[in-house]
Amino acid sequence: MEVELQQLAAILQQTLSPDKDAIKAAEQQLKVAAQQPGYCLKVLKLTATPIDESIRQSAAVNFKNVVKYRWVPSEADLYGGAQPLPDAEKVQIKQLLVSITLSTPQRVSAQLSEALSIICAYDFPAKWPELLPELASKLATDDLSVVRGVIQIANNVFKRFRGQPSSNNALAQELDMCQQLFLRPLHETTVKLSGLFPSLSAAGVASVEPLKQLLGCIRLSYRIFYSLCSMGLSEATEAELGFWMDEMHKMLTYENPALGEQDAEKESVLDGVKTAVCQTVDLLLEIDEETFKPFLQRFAASVWQVLMKVSQKPGQDNLTMAAIKFLNTIAKGVFSNLFAADGALQQICESIIVPNLRVRPEDEEMFEMNPTEYIRRDAEGGDSDTRRRAAADLVRSLTERFPAEISRLFTGYITAALADYTASPTTNWRSKDCAIYMVTALSVKGRTAAHGATSITQLVNLLDFFSAQVLPELQNPKINENPLLKADAVKFVTTFRSLLPKDACLASVPCLVALLGSEYCVVHSYAAICLERLLSLKEPGQKTLRFSPQDLGNHLQPLLERLFAGFKLPDSSENEYLMKAIMRVIVFVGPAIAPVSQVCLQRLAAMLVEVCRNPRNPSFNHYLFESVAALIRHGTAANPVSITQYEQALFPAFELVLQQDVQEFHPYVFQVFSQLIELRPAPLPQIYLQIFPPLLSPMFWERSGNVPALVRLLQAYLTKAGDEVVAGGHLVAVLGVFQKLIASRAHDHEGFYIINAIVESLPLQAYVQYLPSIWTLMFQRLSSTKTPKFCRFFCVFLALFVCKYGAAATAEQLDKVQAGIIYMLLQQVWLPTVPSIEGTDEEKLVTVAGVKLITELPGFGATGAQAALWVAVRKGLVDKVSGGGAAGSTQQEDDDADFEEMQGYSAAYARLANASKVERPVLAEIADPKKYVQDALARVGA
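What you see is a predicted model; the values in this text were computed from it and never measured. (Residues numbered from 1 in each chain as written. Predicted model: local features only at pLDDT ≥ 70, side-chain atom pairs only at ≥ 80, totals over all residues. Heavy atoms only, no water.)

S.K.: Describe in detail the environment of L220, supporting the description with residues and values.
M.R.: Mapped onto the elements, L220 comes out in helix α11 (residues 208-229). Residue class for L220 comes out buried when judged on its relative accessible area of 1%. As for L220 and R920, which are separated by 700 residues in sequence, their C-alpha atoms are 59 Å apart. Ignoring any residue separated from it by four or fewer positions in sequence, one finds L220 in contact with R148, I151, Q152 and N155. (Helix = DSSP H or I, 4+ residues; strand = E, 2+ residues; numbered from the N terminus. Buried < 20%, exposed > 50% of the residue type's maximum accessible area, 1.4 Å probe, protein only. Contact = heavy atoms within 4.5 Å.)

Laid out in C-alpha cells, this is it:
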C-alpha cells in the first residue's frame, strides 16, 4: 500500500476511536487533507484496499460526503469554503467507481453506490455516457453477486424517472436513451435469472440462501422495469410488456414456505418480489388502462388471492398495502365493473377491507412502546404507510362507484361492531375502534392540512355519531381507561373539526384539556394536536379564525398548566406536539397572555437551558423558540416595559448557546436577539453593546444557516445603535461582512440588506470614505457574475441612495469611481431590471428614484448627449407606475414559508415566524407613488 494511503488509513482509523479528542483531531486532519489535489481519488482507492473493513467503510462514507459537497457545490457550500473537485479527478473517479463498488464488501459498496447516485444526479447521462454500456457489459456473468451489484446500481440510477410527468421532454429523452441501452440487457439478464429459478426452487431447504439471493436480483430487475415505465409506456416497453407480465405473474403466484421470515417484523424476500409486482402492475394500470387490459383479469384475480393469504404480521404490510392499492386503482378506473359481480363487494369488504381496518396486537404494542412511531403513522396527514390508510382509500373509491351497496354493507358492519362493543365494553373495545375507523373511511371525501375533512358523503350522520359515540369517550372522567379509544375519539374531532358545529367543538375543549393529563403519550399528544388545530382553524374561504379567545373562557390557565405539566409525563419530556400547542395558545390569545406571561416565561426559559445542554428533537426545539418569540411579541405588546424581564430570563440560555457553540441554536438565538432589540427604544443597554463585537467573528459567518439571522441582527444594531457601532470602530468589520456576502451568489442579497441598513441609519459622513470601495465591489460582481437577483438588489440599493441623498449627490459619489458611470448603469442595469422588481416598498423606491433621476440629475434631460437614455428611463418609469413591465417578472427567491411548515432546523436557515421583523414604512411621506410621478412629470413638462 502506498505511503499516502497508509497515512490516510491511520487517520480514518483514528476517527473510529472511543476518545472524543482523538476523533476531533482526526477530523481536523481529514479536513486539511481534503484540500490536497487528488484526495477524493485516494479515498476511493483506499476503499478497494484489502485492509480492515471498518476502515474501508469509514473511507467510503468520507468519499460519499466529499462527493456530496464538492462534486457540484451549492452556492451555500461554496460560501462555506467548499472547493469543486477538478474535472480531471472526476474523470478518473468515474472510470474506477463502478468496478470498485462491485468488488467491495456490502457495507462498503452500499456507501459507494450512494456516492455513485449523487454523481449521476449531476453527470448522467450527458457527462457520463459510458456508465450504462459499462453496466450492461458487466451483466454478462454467471456470478450472482456481481449481477446483483450491477442491477442495484442501475436501480439507483433509474429512480430519477419515478414520479416524473411525461411532459418533461428533456427527461423523457434521457429515459428513451436508457431504454435503448439497458432494456435488452435487462431482458436477457431476467431470462437468465428465471432459468435458474426452477432448479433452485426444487432443491429444497439446501438451496434457500441461493434462492433468496436469486429472488433479490429478480426484485431489482422488476424495480428497474418499473422505473423505465414510470413516465409512460413507449414502443420499446410496450413491446416487452408480454414477457414482463408473464414473469411477474409467475412470481406473484409462487409459494414457498421455506422462504418465510422468522422475524414477524421483517419482510421476506419473496414478499418483496410480490410487492414489486403489485407496484408495477398498479403503475401500468394507472398510466395506460387500455394497454394493460389484456393482463387485468388474471392479475386482479391473483392479487385478490394474495390478499386472501397474507397474515397480519408487520413484515407483510408492504405487500398488503401494494395489493390493496392495485385494487383501489381498478376501483377508480374504467374497469371498476370487475367489482360489480354478485357477492364481489361483500367479499372484498369482509375479507380485505374490514380485517385491515382492525387494530392489530402489533399496533397496540406500538401505541404503548413506541408512541412516536404510532403518531407518525396514524395522526392526520401522517398515515400514508399503513394498512388502515390503504383500506380506507379503497372504501372511498368503492363508495364513489357503488354508494348504495357500500352504504348498506358498512351500515351493517358499523352497527354490528357497536353492538359488540356495547355487549362488553371492556373486552370488545377493539370493535368500537374499528367502527370509528369505518365511519371516517365512509365519510371523508376531501381533506386539507389546514381544515381536516372538507367534504363528506351523506352516508353517515356525522353529528349523531359524534354525540352518541365520540363525545362520551371524551367525557369519560377515567382519562387512562381504554386509551386507544380515547385517541380515536380525539382524532375524530381533529379530522372533522371544520364540519362539526362550533358548539360541538367547544364542548370537546374541556375534555381535551383533561386528556392532556393522560399518562399515555399518544393520548395527550393527540389532545395537543387537536387543540392546536382547533385554535388555528379558519372559516372556509376566509382569513378569520373560527374561534375567538373569548371562546376559551376559563380554560386558558388550566390549558397552559396541563400543557406544561405534560412534559413530565412518560415519553414526553421533549414532546413537540405539546410545545406546538403552547405556541399556538400564546399566538391565539395574543396580548391577553399578559396575566400568565411571566409564569410561561420562567417555564420556557428553564426548558431552553435544559435543551441547550443536549439538543435532541429538532421539531420540539423549533417550537420552543417559536413559543419564546410569540411570548415576547405578545407579552411586550401588553406591557412594553416588561422587556427587561424577558432579557433577564432568557439571556442565561442564550449565553450558554454562544459559549458552548451550540450551532443548531445560533440562528434562533440571533433572531430572538433581533426581536428584543427591535422592540427596545434607543439607546440600547450596555449588555447589547458588549455582545456586538463577537457577532462579527468569522466563525459565525462561515455557517451558511447563520447568515440570514445574523444579517437581521446587524440591521437591528445599525437601526437602534448606529452611532455606537461607528464610535466603537466596528464599521470596517461590518463592511468586511458585506464584502464577504456580496461575493456569494447564495448570500449577495443579505449583503445588500446590510448596506441598505447603513444608508438608512447612518449619516453619510460616517461611511463616505468607504463608498468608492463599496461601489467597486458591486461593479465587480456586475461584470463577473451578474445574476437577475443581484441586479434587482443593486437597483433597489441605488434607488435607496438616490431617494436619501438625491440624484446629483449619487452621481457625484459614483464619479469618484469612474466619471459618468451612472449613465452606463442606467443603460445596462437599471432599464433591463426595473420592470422585474416586485414588492410594495421596492417598487416605491425605484419609482421615486426614477423621478429624481430624470428631474434632478444635472445634464440629463430630453436634450443633450444622453437624451435617448433619458427618454428610455422616463418611459420605463411611466410603464412601471401604469402596471407595465416584464411579462415574467421574477419573484424574490427567498419567499418566506409559513411556520406551519417549519418543523425543525437543518443546515439551512429556520425562520421564526413569531419573531418576524416589523418593517418600517418606506418613504412614508409619499402616499401615492403613481400620483407622485404624475405630479413630477407635470412640473417639468415631460
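Moving on, there is more to tell.
S.K.: How would you sum up the packing of helix α1 (residues 3-14) against helix α2 (residues 20-33)? Please name residues and give values.
M.R.: The N-to-C vectors of α1 and α2 enclose an angle of 140 degrees; their axes lie 8 Å apart at closest approach. Here the hand of the crossing between α1 and α2 comes out left-handed. In this structure, α1 uses L8, I11, L12 and Q14 to contact α2, whose residues at the interface are A22, I23, A25, A26, Q29 and L30. Taken together, the residues that form the contact of α1 with α2 break down as eight nonpolar, two polar and no charged. (Axes fitted to C-alpha atoms, helices over the stretch in contact; angles between N-to-C directions. Left-handed = near helix turned anticlockwise from the far one by under 90°. Nonpolar A, V, L, I, M, F, W, Y, C, P; charged D, E, K, R; others polar.)

S.K.: Mind laying out helix α29 (residues 594-613), listing which residues take part and the relevant values?
M.R.: For α29, spanning 20 residues, the distance from its first C-alpha to its last is 29 Å, which sits close to the expected 28 Å at 1.5 Å a residue. At C600, α29 shows its strongest bend, of approximately 25 degrees. Residues of α29 that are buried in the fold lie against α27 (556-565), α28 (576-589), α30 (618-638) and α31 (643-659). (Expected span 1.5 Å × (residues − 1). Bend = angle between axes of the 7 residues up to and from the residue.)

S.K.: Describe the environment of I11, and please don't skip the residues or the numbers.
M.R.: As for its placement among the helices and strands, I11 is situated in helix α1. The exposure class assigned to I11 is buried, which follows from its relative accessible area of 13%. For the pair I11 and A25, spaced 14 residues apart in sequence, the C-alpha to C-alpha distance is 9.0 Å. In contact with I11, other than residues within four places in its own chain, are A26, Q29 and L30.

S.K.: Describe the pairing of strand β1 (residues 444-448), with residues and values.
M.R.: Alignment of β1 against strand β2 (residues 452-456), held across four bridges, turns out to be antiparallel. The partner of T448 across the bridge, within β2, is G452. Between β1 and β2, which pair antiparallel in sequence order, lie three residues. (Pairing = 2+ DSSP bridges.)

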